Amino acid sequence: MEKTLLIIKPDAVERRLIGEIIQRMERKGLEVKALKMENITVEKAEKHYEIHKDKEFYNDLIEFITSGPIVLMVLEGKDCISIVRHMAGSTSPIDAIPGTIRGDFSTDTLKNIVHTSDSIETSSIEIKNFFKNIN
Ligand code: CMP
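Reference entry: report on the structure contained in this document. (Residues numbered from 1 in each chain as written. Predicted model: local features only at pLDDT ≥ 70, side-chain atom pairs only at ≥ 80, totals over all residues. Heavy atoms only, no water.)

### As for helix α4 (residues 58-65)
The criterion, for reference: Each residue's exposure class comes from its accessible area (1.4 Å probe, protein chains only) as a fraction of the maximum for that residue type: buried when under 20%, exposed when over 50%, partly exposed otherwise. By definition, any uninterrupted DSSP run of H or I lasting at least four residues is a helix, any uninterrupted run of E lasting at least two residues is a strand, and each is numbered from the N terminus. Working note: the arc is built from the helix axis to C-beta atom directions. Should any heavy atoms of two residues lie within 4.5 Å, those residues are counted as being in contact.
Taken residue by residue, α4 has Tyr58, Leu61, Ile62, Phe64 and Ile65 as its buried positions. Taken end-on, α4 shows its buried residues confined to a sector of 165°, consistent with a single buried face. Exposed side chains of α4 directed beyond 90 degrees from the buried face belong to Asn59 and Glu63. Check the buried side of α4 and you find it contacts α1 (10-14), α3 (42-48) and β3 (70-76).

### What about the pairing of β3?
Under the convention used in this document: Paired strands, in this sense, are two strands between which DSSP finds at least two bridges.
The element β3 is largely enclosed, with a buried count of 7 among its 7 residues. Relative to β3, strand β1 (residues 3-8) runs antiparallel, the two sharing 6 bridges. What sits directly across from Leu5, in β3, is Val74. Of the pairings in the sheet, the one linking strand β2 (residues 31-38) to β3 comprises 7 bridges and is antiparallel in character. Paired with Glu31 across the strands is Glu76, a residue of β3.

### Focus on the layout of surface pockets
Gaps left between atoms are located by rolling a probe of water-molecule size over the structure's atoms. Heads up, the condition is: For cavity detection a 1 Å grid was placed over the protein atoms alone, and a set of points counts as a cavity when a 1.4 Å probe fits there but cannot get out; an open set counts as a pocket when protein lies on both sides within 12 Å along at least five of seven lines, with lining residues being those that have an atom within 4 Å of a point. Grid points are joined across faces, edges and corners, and a volume is the space filled by probe spheres set on the points. Under this grouping Gly is polar, as are all residues other than the nonpolar Ala, Val, Leu, Ile, Met, Phe, Trp, Tyr, Cys and Pro and the charged Asp, Glu, Lys and Arg.
Taken as a whole, the largest pocket spans an internal volume of roughly 690 Å³. Considering the residues around the largest pocket, the lining is formed by 27 residues, among which Tyr49, Ile51, His52, His115 and Thr116 are closest to the centre. Sorting the residues of the lining of the largest pocket by element identifies α3, α4, α5 (80-88), β4 (114-116) and α7 (120-130) as the ones contributing at least two each. Among the elements that line the lining of the largest pocket, the one with the most residues is α7, at 4 residues. Tallied by class, the residues present in the lining of the largest pocket amount to 7 nonpolar, 12 polar and 8 charged.

### So, the nonpolar core
Short version of the rule: Buried Ala, Val, Leu, Ile, Met, Phe, Trp, Tyr and Cys residues that are joined via side-chain atoms within 4.5 Å together make up what is termed a nonpolar core.
Grouped together as the largest cluster of nonpolar side chains are 20 residues, with contacts concentrated most on Leu6, Ile8, Ile21, Met25 and Ile113. The set of elements that each furnish at least two residues to this core consists of β1, α1, α2 (18-28), β3, α5 and α6 (101-105). Among the elements that line this core, the one with the most residues is α5, at 4 residues. With residues near it in sequence (within four places) discarded, Ile8 still touches Val13, Ile18, Ile21, Ile22, Ile70, Val71, Met73, Ile113 and Val114. One finds Leu5, Tyr49, Tyr58 and Ile70 within the second-largest nonpolar core, a separate group that totals 17 residues.

### A word on the site of the ligand
Note the threshold: Nearness is judged by heavy atoms alone; a residue qualifies as near a molecule or strand once a single heavy atom is within 4 Å of it. In the analysis that follows, any N or O atom pair within 3.5 Å is treated as a polar contact, provided that within protein one partner can donate a hydrogen and the other can accept it, and provided that, for residues neighboring in sequence, both atoms belong to side chains. Think of it this way: a molecule belongs to a cavity or pocket when more than half its atoms come within 2 Å of the grid points there.
The full set of residues close to the ligand is Lys9, Tyr49, His52, Phe57, Leu61, Thr91, Arg102, Thr109, Leu110, Asn112 and His115. The side chain of His115 places a nitrogen or oxygen atom 2.9 Å from an oxygen atom of the ligand. According to the grid-proximity analysis, the pocket containing the ligand is the largest pocket. Class assignment of the residues belonging to the shell around the ligand gives a composition of 4 nonpolar, 5 polar and 2 charged.

### Side note on the environment of Asn129
Relative to the helices and strands, Asn129 is located in helix α7. Linking Asn129 and Thr66, residues 63 residues apart in sequence, is a C-alpha distance of 16 Å. Beyond its immediate sequence surroundings of up to four residues, Asn129 is in contact with Lys44 and Lys47.

Here it is as structure tokens:
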């Protein structure tokens, strides 16, 4: 069964949105297979966001994602990678449609509440980076 990584970012943890986000995933019918809260190291953040290292927002992104605790979870369900991406909404707060997580809770491109894997390849790499016992 397909799996994806969902990260609840420091802005969402600070704003007490952990329960709201997990509830949306469970109501949709996805299964939480693994779940933890962590203050990730700069090294882990850099590995996770390696593909963005040449972007102008990269330093701000690493600083933000390591600025406080995050909640990481592996979700499982049919087509869950695409489903969770749709539920998260567009990265741009202008394009993020109301009803999506970003559409409902964020006006900021950087501090955008959640991260979700964007393909089967990246989801398996991202899950391995953060969870040892899940395949
Ligand atoms: P995420 O889905 O975690 O993937 C990369 C992250 O970089 C993204 O969410 C945002 O937090 C951030 N990001 C992407 N584009 C921009 C941008 N144009 N300006 C600032 N931050 C960005």
